[in-house]
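Here are the chains, one letter per residue:
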Amino acid sequence: MYPIRVRKEILDSWFWKQRNPSILHVLDELEGPEVTGQELKSTAGWRIAQKCPSEIHVELMASGMIPDPYIGFNEHAVQWVGNTEWLYKCTFTFEPISDEGHTVMLQFQGLDTVCDVYLNGDKILSVDNMFRTYYAEFNSSTLKHSNTLFLHFKSASQYAKAQETLMGRVRAGSTNLGDPSRVYLRKAQYDWRWDWGPELMTCGIYRPVLLSSYSVCIDDIFTKASVDDDLTCSLEVDVSLRGQLTGIDKCRVVLKDLEKNVVRAEDILTEGESKTSRTVVSWNFDEDEVRLWWPVGYGEQNLYTVELTILNQDGVVFDTKTLRIGFRNVKLIQEDLEAPDQYGTGTTFLFEVNGVRMFMGGSNWIPADNFLTTITPDRYRAWLTLLRDGNQNMVRLWGGGIYEPDVFYDTCDELGLLVWQDFQFACGVYPAHDSFVDSVREEAEQNVKRLRHHPAMALFCGNNEDYQMILQWGDVKNFPAIKIYEDVLPSVVESLTHPVIPYHRGSPYGGKGWDTSDPTVGDVHQWNVWGGKEFPYQDYDKLGGRFVSEFGMPSIPCMKTISYWMKDAAPKEWHAQSKLMAQHCRAGSFERRFAIAMNDNFKVTEDLETAVFNTQLMQSEAVGFAYQSWRRNWGAKGKQYTGGVLVWQSNDCWPVTSWAIADYFLRPKAVYFTIMRHLATFAVGITRTVIKNKPNDRPRQYYEFGAFQSRKAIIDIWAVNGSLSPRSATLELHFVDLCSSWNHKETHAIVMPPNQAIELRSITCPEPPKRNDAPPTGYAEWTTSSSVVIGARLLDPENGGVLARFSDWPQPYRFVDIVDPELRINVQNSEDTKTSTVSLQVKMPAKCVVLGVAGDDEDPKWSDNALDLMPGDTQIINVHGLEGRDIQASYLGKEKATGVVFQRV
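All of these numbers come straight from a predicted model, not from anything done at the bench. (Residues numbered from 1 in each chain as written. Predicted model: local features only at pLDDT ≥ 70, side-chain atom pairs only at ≥ 80, totals over all residues. Heavy atoms only, no water.)

K.L.:
Kindly report on the overall build of the chain, identifying the contributing residues and their values.
P.N.:
Summing up its helical and strand segments, the chain has 13 helices and 47 strands in all. Here the C-alpha atoms of the chain give a radius of gyration of 30 Å, agreeing with the 29 Å that 2.2 N^0.38 yields for 905 residues. Taken along its principal axes, the extent of the C-alpha atoms in the chain is 105 × 70 × 65 Å. Counting only contacts in the chain whose residues sit at least 6 apart along the sequence, the fraction spanning at least 24 positions is 71%. Only carbon and sulfur atoms are counted for the fraction: they give 48% of the accessible area of the chain, which is about 35,000 Å². (Helix = DSSP H or I, 4+ residues; strand = E, 2+ residues; numbered from the N terminus. Rg over C-alpha atoms; globule rule 2.2 N^0.38 Å. Contact = heavy atoms within 4.5 Å. Areas by Shrake-Rupley, 256 points an atom, 1.4 Å probe, with all protein chains shown as cover.)

Printed below as a string of structure tokens:
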């Protein structure tokens, strides 16, 4: 009788220590003593690991041997860790599953990165790719009852430098993107430093180690869940087996829904079958037998489990494997446009799911921590739920991080977030010698097989900015990795996915001769506002493309997050331009770039809290304008000029000033809520164009009071209907003067066609009457609209409910004469006091009202925040976890958060 497969994770009894260079033979370190106490050197002896998976910095911090590198300047005090060799060991017991010989497999799902693995004193593996799973397979007689695993990790940075010495120095991003030698090692590239992250060369067992015993087992399942253009569903299941096949009598395949109801089941006789791989079932489903999986906002996320079991003729189970799948059809549509836009014609770059073309709104994901072993499943879920609740429907996994663990993609399936997955190459000239390509091919095959069954998978992409960097540099004569991006990776995706998941060579990529900046083809990364040519953010609407997969504006995180890295810092450090603030901002030329954008738009301040507010408002205004402008380009078929917008970036890997829309501690910045409103099913937008008295080079939204003078303003109003049905609404426009009691209101009946933007009005901005006949500047034509705030609302014509709202303020904000809005807040608690309803009212317009609470307790969760408020328009939001605490508010003109007048019910 053949034994049943047994699997277990090797979790316990792991120890670690620093390699002692005075001991010649590394295996002689095994017998060292076990020690405790931070006063002892890390070479003194073996210390018990806090847990496995394990990362060495985390272990050192837990032992009190290094400080938290996320605080103060501590990052620089721990650089020695990455230049050191580290050892791990554990002892595990083994019980044979039968008296007969059988196979035992050790599976290392993630080793970071350069490591020799020994079992009972014999080297069984030498590894150098953290993105691969490594296997060691041997006969059960090889193992004893008690066995010792010994792992020798070598310095990744030193390994990479040695490879560079052998093969030559290449270009790899700017100095903010780490040492160029990083391209020679298959390790997360951000570990070498990035322009938002620290330099922390991690090391350790960052994913589980598994031990399995079997005579025969399921090696792989390939589920081919197909949806035809007529939405007919089918499923084919292929199985690959490993071991002694002669004892298998049949395979059993069962398809269940998430309520565990059996949809289909079939037993397939395999007696005498000698093939290790075969198709076991091929099912065509009747209408409504299975339901489609949809991205969030378009339908339900229906999921099913495929359970495959191999049995003998007596019904004894040898092995079982389960995958969760969904039925969906995803296409990347690149077709000719019918008419030109401001950039020309070219082709679309858009996603179609189940026959529906969808505008993609989302963000770029980086690893959520430098220490990957600290990211719990709950933390992954919290991050991705934050994106989903922010009306995002796509997340791009950037190519300088990692292939995330299964829980990430499982959660995306459940939440309806489509995944754009970069292969792990970023900003460099990567090699393509045979051993490197072979390792990359294995890496790609393993990860494509691991991810292909997820219905959330929408795109595999070859790299991040490698093509773009080479075009920008102009002096790179050899680009060997083309073999990887244009041969190896697309062939892997094509051969291992069905239906084939779309593949894109790089991001950005498109245009003749892969012109990565061509706005008419492929995708673009728009960095000519924060960096590059440093255009004003008011030009974003002229800087788009067919799909904008990166752009962004940084901001300083909230004071509570700053307090974490400041800890016991001296008062002199609590300044926007202090040394400690600089330590926690890694963007290139950030001082000059912040100064340009901030001074263009806001009054100069010496106060840190005011600077924090202003940078977050600037980020919110800049990114919000980009989102609304580019979504405005999502027209009817043939005029879908912009197919998606993904902001840089979703998250942070440590507490830092960055482009993130929520900081390391999942505290949303103002921009998060602004994006949420612009990506809602219904949205309304306004652009103001100020007409000046002579040609000028100033942003067209600016009112001028110097060499140029403003004559009038034209406002354009548009709306977006993201639903799949036409929608009637009432457009309400409300004009309020900040300098007087003048206001004007008008309404218009509109109909919004489905799944597109529509232009609504283009008018001269109404303005308060001029107070005297003589113009203040001497010019005959002049305008008083420079103090007019415009509020637009889309209202349900039947019940008056608000479908969408937006406010347009005169710019630049440094010229605006802010008045007290007389903010009033009403708080009504629910019976359980966990959830409260908050209503906000003003008598005059208020810009970016940010609500919060004082103290170090857990932050409440706001359903909306960073609100623009207009007189007569009460806004109601929900908050979870307020728990009786007083609300603080800040807004433009009162940037320091203080208590506000409120009434609690």
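From this point, the narrative continues.
K.L.:
Summarise the packing of helix 6 (residues 434-451) against helix 8 (residues 482-496); cite the residues concerned and give the values.
P.N.:
Contact geometry of helix 6 with helix 8 gives a least axis separation of 10 Å together with a crossing angle of 35 degrees. Every pair of crossing elements has a handedness; the one defined by helix 6 and helix 8 is right-handed. Two secondary-structure elements touch here, helix 6 through Phe436, Val437, Val440, Arg441, Ala444, Glu445, Val448 and Lys449 and helix 8 through Lys483, Ile484, Val488, Leu489, Val492, Val493 and Leu496. Classifying every residue of the contact of helix 6 with helix 8 gives 11 nonpolar, no polar and four charged. (Axes fitted to C-alpha atoms, helices over the stretch in contact; angles between N-to-C directions. Left-handed = near helix turned anticlockwise from the far one by under 90°. Nonpolar A, V, L, I, M, F, W, Y, C, P; charged D, E, K, R; others polar.)

K.L.:
Run through the sheet that holds strand 36 (residues 756-764), naming residues and quoting values.
P.N.:
Across the sheet, which stays open at both edges, the three strands sit in the order 32-33-36 with antiparallel pairing between neighbours. At either end of the open sheet lies a strand with only one pairing partner, and these are strand 32 (682-692) and strand 36. Neighbour to neighbour, the strand axes of the sheet diverge by 20 degrees on average, direction disregarded. Relative to strand 33 (residues 710-721), strand 32 runs antiparallel, the two sharing 11 bridges. Each residue of the ladder has a partner; that of Ala683, found in strand 33, is Val720. Packed on one face of the sheet, helix 12 (residues 608-631) meets strand 32, strand 33 and strand 36 and runs near 105 degrees to strand 32. (Pairing = 2+ DSSP bridges.)

K.L.:
Any chance you could break down the pairing of strand 20 (residues 317-325) for me, citing the residues and the numbers?
P.N.:
Looking at chain direction, strand 19 (residues 304-311) and strand 20 are connected through eight bridges and run antiparallel. Note that in strand 20 the partner of Glu307 across the bridge is Thr322. From the end of strand 19 to the start of strand 20, which pair antiparallel, there are five residues, and Gly315 there has a positive phi angle of about 85 degrees.

K.L.:
Go over the sheet that holds strand 15 (residues 233-243), please, and point to the residues and values.
P.N.:
Read from one edge to the other, the open sheet built from three strands follows the order 14-15-18, with strand pairing classed as antiparallel. Two strands in the sheet have a free side with no partner beyond their single neighbour: strand 14 (216-227) and strand 18 (277-284). On average, each strand axis in the sheet is tilted by 15 degrees relative to the strand beside it, whichever way the strands run. The pairing of strand 15 with strand 18 spans seven bridges and is classified as antiparallel. Pairing of Glu236 across the sheet is with Ser282, part of strand 18.

K.L.:
Can you lay out the nonpolar core for me, pointing to particular residues and giving the numbers?
P.N.:
Counting 211 residues, the largest nonpolar core has Trp14, Leu149, Leu255, Phe327 and Phe351 as the members making the most contacts within it. A per-element tally of this core places helix 12 first, with nine residues. Discounting residues that sit within four places of it in the chain, Trp14 has contacts with Arg47, Ile48, Ala49, Cys52, Tyr88, Lys89, Cys90, Leu149, Leu151, Ile205 and Val209. By size, the runner-up hydrophobic cluster in this structure holds 25 residues, among which are Tyr703, Ala729, Leu794 and Phe806. (Core = buried A, V, L, I, M, F, W, Y, C linked by side-chain atoms within 4.5 Å. Buried < 20%, exposed > 50% of the residue type's maximum accessible area, 1.4 Å probe, protein only.)

K.L.:
Any details on unusual backbone geometry? Residues and values, ideally.
P.N.:
It is generally the case that most residues other than glycine have a negative phi and that most peptide bonds are trans. Geometrically, the link from His498 to Pro499 is a cis peptide bond, its omega value of -10 degrees lying close to zero. Its location among the elements puts Pro499 in the loop between helix 8 and strand 28 (503-504).

K.L.:
Requested: an account of the packing of aromatic side chains, with residues and values cited.
P.N.:
One pass over the structure, following the stated rule, counts 51 aromatic pairs. Between Tyr70 and Phe371, the ring centres sit 5.4 Å apart and the planes meet at 10 degrees, which makes this aromatic pair stacked. Taken together, the residues Tyr70 in the loop between helix 1 (56-62) and helix 2 (79-82) and Phe371 in the loop between strand 24 (360-365) and helix 4 (377-389) connect sequence positions 301 residues apart. For the pair formed by Tyr70 and Phe371, the shared burial category is buried. An angle of 65 degrees between the planes, with centres 4.7 Å apart, marks the rings of Tyr467 and Trp514 as edge-to-face. Here Tyr467 is found in helix 7 (residues 466-473), whereas its partner Trp514 is found in the loop between strand 28 and strand 29 (524-526), with 47 residues between them in sequence. Within the aromatic cluster, the residues linked to one another by ring pairs are Phe425, Tyr430, Tyr467, Phe479, Tyr485, Tyr509 and Trp514. Positioned above the aromatic ring of Phe222 is the side chain of Arg452, whose terminal nitrogen or guanidinium carbon lies 3.7 Å from the ring centre. One cation-aromatic arrangement involves Lys770 over Trp782; the distance from NZ or CZ to the ring centre is 5.3 Å. (Phe/Tyr/Trp six-rings, centres within 6.5 Å; stacked < 30°, edge-to-face > 60°. Lys NZ or Arg CZ within 6 Å of the ring centre and 35° of its normal.)

K.L.:
Any chance you could break down helix 13 (residues 670-678) for me, citing the residues and the numbers?
P.N.:
Counting buried residues in helix 13 gives eight out of nine residues, a clear majority hidden from the surface. Looking at helix 13, one finds that the buried residues are Ala670, Val671, Tyr672, Phe673, Thr674, Ile675, Met676 and His678.

K.L.:
A description of the pattern of salt bridges should follow, citing residues and the corresponding values.
P.N.:
Tallying each qualifying case throughout the model produces 61 salt bridges. Between Arg19 and Glu29 there is a salt bridge whose closest N-O contact spans 3.1 Å. Of this pair, Arg19 sits in the loop between strand 2 (14-18) and strand 3 (47-48) while Glu29 sits in the loop between strand 2 and strand 3, placing them 10 residues apart in sequence. Here Arg19 matches Glu29 in class, with each residue buried. As a salt-bridge pair, Glu352 and Arg357 come within 3.5 Å of each other at their nearest N and O atoms. The buried category is assigned to Arg357, whose relative accessible area is 11%. Among the ionic contacts, a cluster of salt bridges with common partners joins Lys17, Arg19, Glu29 and Glu85. (Salt bridge = Lys/Arg side-chain N within 4 Å of Asp/Glu carboxyl O.)

K.L.:
Could you give an account of the packing of helix 4 against helix 5 (residues 406-415), naming the residues involved and the relevant values?
P.N.:
Between helix 4 and helix 5, whose axes approach to 10 Å, the crossing angle comes to 35 degrees. Here helix 4 runs over helix 5; the crossing is right-handed. In this structure, helix 4 contributes Pro377, Tyr380, Arg381, Leu384, Thr385 and Arg388 to the contact, and helix 5 contributes Val407, Phe408, Thr411, Cys412, Glu414 and Leu415. Here the residues of the contact of helix 4 with helix 5 are counted per class, giving seven nonpolar, two polar and three charged.

K.L.:
Describe helix 8, listing the residues and the values that go with them.
P.N.:
In this model helix 8 runs 20 Å from its N-terminal to its C-terminal C-alpha over 15 residues, within 8% of the 21 Å that 1.5 Å per residue would give. The sharpest bend along helix 8 measures roughly 25 degrees and falls at Val488, with the proline Pro490 sitting one to four residues further on. Among the structural elements, strand 14, helix 6, strand 27 (457-461), helix 7 and strand 28 are those in contact with the buried residues of helix 8. (Expected span 1.5 Å × (residues − 1). Bend = angle between axes of the 7 residues up to and from the residue.)

K.L.:
I'd like a rundown of the environment of Thr320, residues and numbers included.
P.N.:
Here Thr320 lies in strand 20. A relative accessible area of 31% means that Thr320 is categorised as partly exposed. In this structure the C-alpha to C-alpha distance between Thr320 and Glu307, which are 13 residues apart in sequence, comes to 7.0 Å. Not counting chain neighbours up to four residues away, the residues in contact with Thr320 comprise Arg7, Ile218, Glu307, Leu308 and Thr309. Looking at Thr320, its side chain comes within polar contact range of the side chain of Thr309, at 3.3 Å. (Polar contact = N/O pair within 3.5 Å; in protein donor to acceptor, adjacent residues only side chain to side chain.)

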